[in-house]
Amino acid sequence: MIELFNVSVKIDNRPVLNDISLQITKGEFVYLIGKTGAGKTTLMRLIYMDLFPGKGNVIVDRHSSSTIRRKEIPFLRRKVGVVFQDFKLLPDRTVFDNVAFALQVIGSPKRTIRARALSVLTRVGLNHKRYQMPHHLSGGEQQRAAIARALVNEPFILLADEPTGNLDPQVSTEILALLESINRSGTAVLMATHNYGLIRQFPHRTLLVENGKITAGEAPYSKT
Amino acid sequence: MIELFNVSVKIDNRPVLNDISLQITKGEFVYLIGKTGAGKTTLMRLIYMDLFPGKGNVIVDRHSSSTIRRKEIPFLRRKVGVVFQDFKLLPDRTVFDNVAFALQVIGSPKRTIRARALSVLTRVGLNHKRYQMPHHLSGGEQQRAAIARALVNEPFILLADEPTGNLDPQVSTEILALLESINRSGTAVLMATHNYGLIRQFPHRTLLVENGKITAGEAPYSKT
Amino acid sequence: MKLLFLLKEGFAGFRRARLAVTIALATITLSLALLGLFGLVAQNLSDSFQRVFYQIRLEVFVDPSLSESDFQTLKSEIERIEAVQSAEYISPGAALQEFEKDFGKDLVAVLESNPLPPSFRVLLKTGHSRPEAIQAVVRRIEALKAVDEVVYPENLIRLLDKYFLLGILIAVGLGTAIFAISTLLIFNTIRLAIHSRQRVIEIMRLVGATDAFIKAPFIFEGILQGLIGGLLAAGLLWLAGDLVRYLFLPGLSVPWLYLAGLVAVGVLLGCIGSYLSVGKYLNA
Amino acid sequence: MKLLFLLKEGFAGFRRARLAVTIALATITLSLALLGLFGLVAQNLSDSFQRVFYQIRLEVFVDPSLSESDFQTLKSEIERIEAVQSAEYISPGAALQEFEKDFGKDLVAVLESNPLPPSFRVLLKTGHSRPEAIQAVVRRIEALKAVDEVVYPENLIRLLDKYFLLGILIAVGLGTAIFAISTLLIFNTIRLAIHSRQRVIEIMRLVGATDAFIKAPFIFEGILQGLIGGLLAAGLLWLAGDLVRYLFLPGLSVPWLYLAGLVAVGVLLGCIGSYLSVGKYLNA
Ligand SMILES: Nc1ncnc2c1ncn2[C@@H]1O[C@H](COP(=O)(O)OP(=O)(O)OP(=O)(O)O)[C@@H](O)[C@H]1O
Ligand SMILES: Nc1ncnc2c1ncn2[C@@H]1O[C@H](COP(=O)(O)OP(=O)(O)OP(=O)(O)O)[C@@H](O)[C@H]1O
Ligand SMILES: [Mg+2]
Ligand SMILES: [Mg+2]
């Protein structure tokens, strides 16, 4: 369902990913680990086609990075839920409207939008803050709003870029449980994280990004 | 050196902190823990006087929140280094210029600025990226740039708001070691974090923010 | 996409980017007011210039031996020429009185008899002021029998005509400059107003919004800005017109249609400006 | 804070907020060009209006019995009046020829002798065109001995004067409107350009920059924008002036000082505009 064939990416003439091949099948749950600046976010950008590989080919659903037309990209992105590392909430509208936007985009009827948005906000524990503007939220609350938006239109894959970086351990565990339940209903999950404890608690296939390469990895038992 | 007397803060008419008293002495290292949205960032904003208490008094160095004049606030802030949770890097200039700015502000001579900025960038491991713009950095790199800026003018207290949220465990440990070495040279550190593992690895006085109150806390042994 | 959604989003833009939208609106209002003001002044100036200087007067000297009824026939013959508005008979006595006013009593005193012939003072209709048009009329009058000579200040008319043409040239030049500049200014602030929401557009794209979906509310917002700006400008001009009319120019006209045109220009510029501007951020 | 730092930061602003600064610059340039264009047109129109219509001509009829040397004395007496530019002697014969041109041959043919007296055609200096000023001159000429009568188109002069005054009123009104609107437009875009760096200002404050430290580069940037915009506008006008002069108005003047004034206005507006705008974000 997601396949990378011999993908190389250079940014500013510096190679970030180098001849990578990778496959994520439907309904899988995959962790992405690796040092700061290793290329985890870059890999995700390839999948939602915010970035195109210099060499190789990225295939997502039926779209291929080498043949996709500009016009088709929005339709690809609707099938891919993304929790951005820096949240990327629309700063000019409330949390509710942020979540609703992902549904408006696909033309859902108003009633559906309301019901779905409220239900997903409740699931991430942010229902009481739904009429707040993003910059009136704490870091962790913003992160949960970003998660809610990514989940709301039931994507077939969820890309979560360090979705628990600003959350306390208890909420992190809850979010992970939520991601697993979503995963069980068929959604693939690709989650970048530095939280090895979380990986051990919820073990899944783990990929390590290092020196431009992706290898099967394992959460190291560091003391943290 | 930092004292809060019976401080209460309401935001949007909702109490966030309630009748809090607290003291942080010179050269102390203090962790701040608490759930998402508990009020950790709010507490820090009180200290760099971006927010004033509804009741009570905040005293930082010789400045008191109830008597400080608008004009004096910049001078207070120069003595307080802040690593913001959302980094707050100046988006319109390079990492180097971001760090240098904190020194320009206090009127350091150009040569000193260069030497100090380069040295602190090297310490956070970001020297090779010094001429990049912030939005060309990975999340963890941005976080380290924010740490570098907070450290560069040798504040007498460092407020670090989840400074390792985007860092991998190895870099987190390095940063903590860096903070400790800075702390040993006399700088007080107040660090908000969700990473209990890190607290156990580098144990210090720990404060728990919960239900608008601050109590002496301890990193719970959760599995993560 | 439903019209209701568009409408709501378009108005929401005013709330979401208050300063940027307010400033774009102010720019549109001011630019249009300036444009409209200039157009009004030019129109009214040209009108009154034509009214005051351009009702051409011809002196038609006729054979003194004509009878009273001949004069009547001649008068109606002259008045039948379509460019002529009226012809007034001036008797030799009346002519002499005017002559005395222009050249002094002494001159008249030395005259032995009244040397002035009878004449008609012919007024042309306004709009017949180009030298060639006047010459054509003059030739037709001279062709009438019993007309001796037609006298009119030909050189002055040619001079005025030249300056009037120059004036029109200047007005058109200035008007074009003002229009071009207004357009650029409006486009620029709309661009800037949308630029301030660059991040919003970027995020919308990342979340899977199609270009059309992103564009539509912005364009609608642009149209709204143009409409409101146009209405404000029209209102300002209307009030200013009233004031000026009351203070010193009772003849000033501020036609409704003109103001409506201004609003239309506003809507058009708002629409095109926002269309072009969003486009820039979408194709980036 | 060193000037060098200021200079560097001011220029850096152009790089850091390219679009916003470019658009502010364009607005300043265009607004000033418009303002300058209008001023130039008004100035040149008023000049040439005065030149063409306002060199007042008086006909001074004198006693025919004067000798040749008396005429010379009278001529120099008239020319000694400071408002008078020249006095030209018109003999009765020359007067008759002109009379014939104006009133037709037939009229002259019926005259038994030349009834026209000798006269002086007196040209007043430009600038002496207000009806009261002319009357004063006329009175002084009439007071000279041997002068019978002074004739001039008083009504026409009063009419032109009235319209000239109205023209000035309109020009001043339009000019004020253009100036006010330009100022607002410039302030607005500068405001918007600074607004787009609201976050930067906010962060600077959080990092301990004093208000003055934040303000200075912005104000310097505003001054720079005003300077560059003013120079561009002046350059545009200069080129446009050359073009218009070449094409159809050889007499057009575009004084250096005027252009320099325009640049000064630009600098001033840029300075005040940025001062006010940063202020808004600092006191928030
Ligand atoms: N737009 C860009 N311009 C220049 N360099 C970039 C850009 N985006 C990313 N990079 C560089 O590419 C490398 C990989 O970045 P990426 O964001 O993928 O790292 P990451 O694994 O997500 O790190 P983190 O854990 O810190 O988020 C980094 O060195 C980064 O500086
Ligand atoms: N400007 C604001 N307007 C309204 N509410 C606010 C504002 N800032 C903070 N809050 C609210 O105050 C509470 C405390 O926020 P704070 O940012 O201090 O939490 P935190 O402990 O830092 O959480 P996190 O771990 O998620 O960063 C939150 O519920 C937040 O929604
Ligand atoms: Mg990343
Ligand atoms: Mg916080």
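The coordinates are above.
Parameters at a glance
For every chain, the first residue of the written sequence is number 1, and numbering continues from 1 along that sequence. Chains and ligands are labelled by the order in which they are written, letters from A for the one and numbers from 1 for the other. Only residues with pLDDT of 70 or above have their local features reported here, since the model is predicted, and side-chain atom pairs are shown and tallied only from 80 upward, although totals for entire chains, interfaces and linings are computed over all residues. To get the side-chain values, take all heavy atoms of the structure and skip hydrogens and water. Every case where a carboxyl oxygen of Asp or Glu lies within 4 Å of a side-chain nitrogen of Lys or Arg is listed as a salt bridge. By definition, any uninterrupted DSSP run of H or I lasting at least four residues is a helix, any uninterrupted run of E lasting at least two residues is a strand, and each is numbered from the N terminus. Relative accessibility thresholds used throughout: buried, under 20% of the residue-type maximum; exposed, over 50%; partly exposed, between the two (1.4 Å probe, protein chains only). DSSP calls a pair of strands paired once it identifies at least 2 bridges connecting them. Fitted lines through C-alpha atoms serve as axes, helices being fitted only where they are in contact, and the angles separating the N-to-C directions of these axes extend from 0 to 180 degrees. Should any heavy atoms of two residues lie within 4.5 Å, those residues are counted as being in contact. As a working definition, buried area equals the accessible area (1.4 Å probe) given up by two parts on being put together, with both sides summed. In protein, a polar contact requires one atom able to donate a hydrogen and another able to accept it; more generally it is a pair of N or O atoms within 3.5 Å, and residues adjacent in sequence count only if both atoms are side-chain atoms. Nonpolar residues are Ala, Val, Leu, Ile, Met, Phe, Trp, Tyr, Cys and Pro. Charged residues are Asp, Glu, Lys and Arg, and all others, Gly as well, are polar.

Undergrad: Before we move on, could you go through the pattern of salt bridges and cite the residues and values that matter?
TA: Where charged atoms from two side chains of opposite charge approach closely, those side chains can pair. All told, the structure shown has 44 salt bridges over all chains when counted by the stated rule. When the shortest N-O distance is used, the salt bridge between Lys129 of chain B and Glu141 of chain B registers 3.9 Å. Of this pair, Lys129 of chain B sits in the loop between helix H4 (110-123) and helix H5 (139-152) while Glu141 of chain B sits in helix H5, and the two are twelve residues apart along the sequence. Look at Glu141 of chain B and you get buried, because its relative accessible area is 7%. If you follow the salt bridges from partner to partner, you end up with Asp92 and Arg93 of chain A together with Glu9 and Arg16 of chain C in one network.

Undergrad: Please set out the sheet that holds strand S1 (residues 57-62) of chain C residue by residue, giving values where relevant.
TA: All names here are of chain C. The strand order S2-S3-S1-S4 describes an open sheet built from four strands, whose pairing is antiparallel. The open sheet is flanked by strand S2 (84-90) and strand S4 (147-151), the only strands paired with a single partner. Adjacent strand axes in the sheet meet at a mean angle of 25 degrees when their direction is disregarded. Bridge count between S1 and S4: four bridges; the pairing is antiparallel. Residue Glu59 lies in a different strand from S4, and its bridge partner there is Val151. Sheet contacts for helix H3 (residues 68-80): S1, S2, strand S3 (119-124) and S4; angle to S2, the most-contacted strand, approximately 155 degrees.

Undergrad: Could you give me a rundown of the sheet that holds strand S3 (residues 29-33) of chain A, with the residues and numbers involved?
TA: Residue and element names in this part refer to chain A. Strand order in the open sheet formed by six strands is S6-S7-S8-S3-S9-S10, with mixed pairing between adjacent strands. Each end of this open sheet is capped by a strand with a single partner; those strands are strand S6 (80-83) and strand S10 (213-216). Ignoring strand direction, the axes of neighbouring strands in this sheet form an average angle of 20 degrees. For S3 and strand S9 (residues 205-210), the ladder comprises four bridges, and the chain directions are parallel. Across the sheet, residue Leu32 finds its bridge partner in S9, namely Leu207.

Undergrad: Residue-level account of the interface of chain C and chain A, with values.
TA: Taken together, the contact pairs 20 residues of chain C with 21 residues of chain A. When the two sides are added together, the surface that chain C and chain A hide from each other amounts to roughly 1,900 Å², 59% of it contributed by carbon and sulfur. The three residues of chain C that bury the most area against chain A are Arg16, Leu206 and Val207 of chain C, which together make up 33% of that side's buried surface. Summed over the shared surface of chain C and chain A, the result is two salt bridges. Between Arg70 of chain A and Asp211 of chain C there is a salt bridge whose closest N-O contact spans 2.8 Å. For the interface between chain C and chain A, the tally reads five residue pairs in polar contact (both at pLDDT 80 or more). Ranked by residue count, the leading element in the side of chain C that touches chain A is helix H8 (residues 198-206) of chain C, at seven residues. Grouping the constituent residues of the side of chain C that touches chain A by class yields nine nonpolar, three polar and eight charged.

Scope: geometric values only; no functional claims are made or implied.
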